[in-house]
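Chains, contacts and geometry: an overview
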Amino acid sequence: LAHHAVATAADVGRGRAEVSREALRETVPALAAEVCRARLCASNAPSLLRGADLVLLCIRDPAAAAAGLAYCDGKGVRAFAVLGDAAADGVASATHQCLTYLHDVSFAPDARRLIRHLRTELRRGGRSSP
């Protein structure tokens, strides 16, 4: 959790997703957020992401992130993928990172891998997943 913007020392040993959900609920108490402890892929994206209004993909695997983004794109669901530290261009602290478009960080290795997998997923028909 060293580079996690909302984590504190008390959160050591806990999952990033759970810590993030609690921080979001403190800001927006009415938030209904679910943490899924499953490996996301194109075949299970429909069941894991069904009914979502917004998806935050905290996934290090570019292929899984691409599957999630492609599914969300096809369903008109807003989705964000969290990239690794390399995409922050050497920024050491998550508190100094920002929300941006993928093409704005396309120089970073994590972003290039995600773009490559996303193109493959979209060509394969990920947009039209049931």
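Residues numbered from 1 in each chain as written. Predicted model: local features only at pLDDT ≥ 70, side-chain atom pairs only at ≥ 80, totals over all residues. Heavy atoms only, no water.

Another point: the overall build of the protein chain. Looking only at helices and strands, the protein chain has four helices and two strands in total. Counting from the amino terminus, helix and strand elements in the protein chain follow one another as α-α-β-α-β-α. Here the protein chain, with 130 residues, has 28% of them falling under the buried criterion. Within the protein chain, counting contacts between residues at least 6 apart in sequence, those at least 24 apart form 48% of the total. For the protein chain, the computed accessible surface area is about 8600 Å², with 53% contributed by carbon and sulfur atoms. (Helix = DSSP H or I, 4+ residues; strand = E, 2+ residues; numbered from the N terminus. Buried < 20%, exposed > 50% of the residue type's maximum accessible area, 1.4 Å probe, protein only. Contact = heavy atoms within 4.5 Å. Areas by Shrake-Rupley, 256 points an atom, 1.4 Å probe, with all protein chains shown as cover.)

So, on to the packing of helix α3 (residues 62-75) against helix α4 (residues 109-124). Running from amino to carboxyl end, α3 crosses α4 at an angle of 50°, the nearest separation of the two axes being 8 Å. Taken as axis vectors, α3 and α4 run oblique relative to one another. In this structure, α3 meets α4 at a crossing whose hand is right-handed. Residues Pro 62, Ala 63, Ala 65, Ala 66, Ala 67, Leu 69, Ala 70 and Asp 73 of α3 pack against Arg 113, Leu 114, His 117, Leu 118, Glu 121 and Leu 122 of α4. Here the residues of the contact of α3 with α4 are counted per class, giving ten nonpolar, one polar and three charged. (Axes fitted to C-alpha atoms, helices over the stretch in contact; angles between N-to-C directions. Parallel < 35°, antiparallel > 145°, perpendicular 65-115°, else oblique. Left-handed = near helix turned anticlockwise from the far one by under 90°. Nonpolar A, V, L, I, M, F, W, Y, C, P; charged D, E, K, R; others polar.)

With that settled, the discussion passes to the pairing of strand β2 (residues 78-81). Side-chain direction in a regular strand flips from residue to residue, so the side chains alternate between the two faces of the sheet. Here four bridges tie strand β1 (residues 54-57) to β2, and the two strands are oriented parallel to one another. The partner of Val 55 across the bridge, within β2, is Ala 79. Assessed by its sense of winding, the connection that carries the chain from β1 through α3 to β2 is right-handed. (Pairing = 2+ DSSP bridges. Right-handed = clockwise from strand over helix to strand, strands pointing away.)

These values are about where atoms sit, not about what they do.
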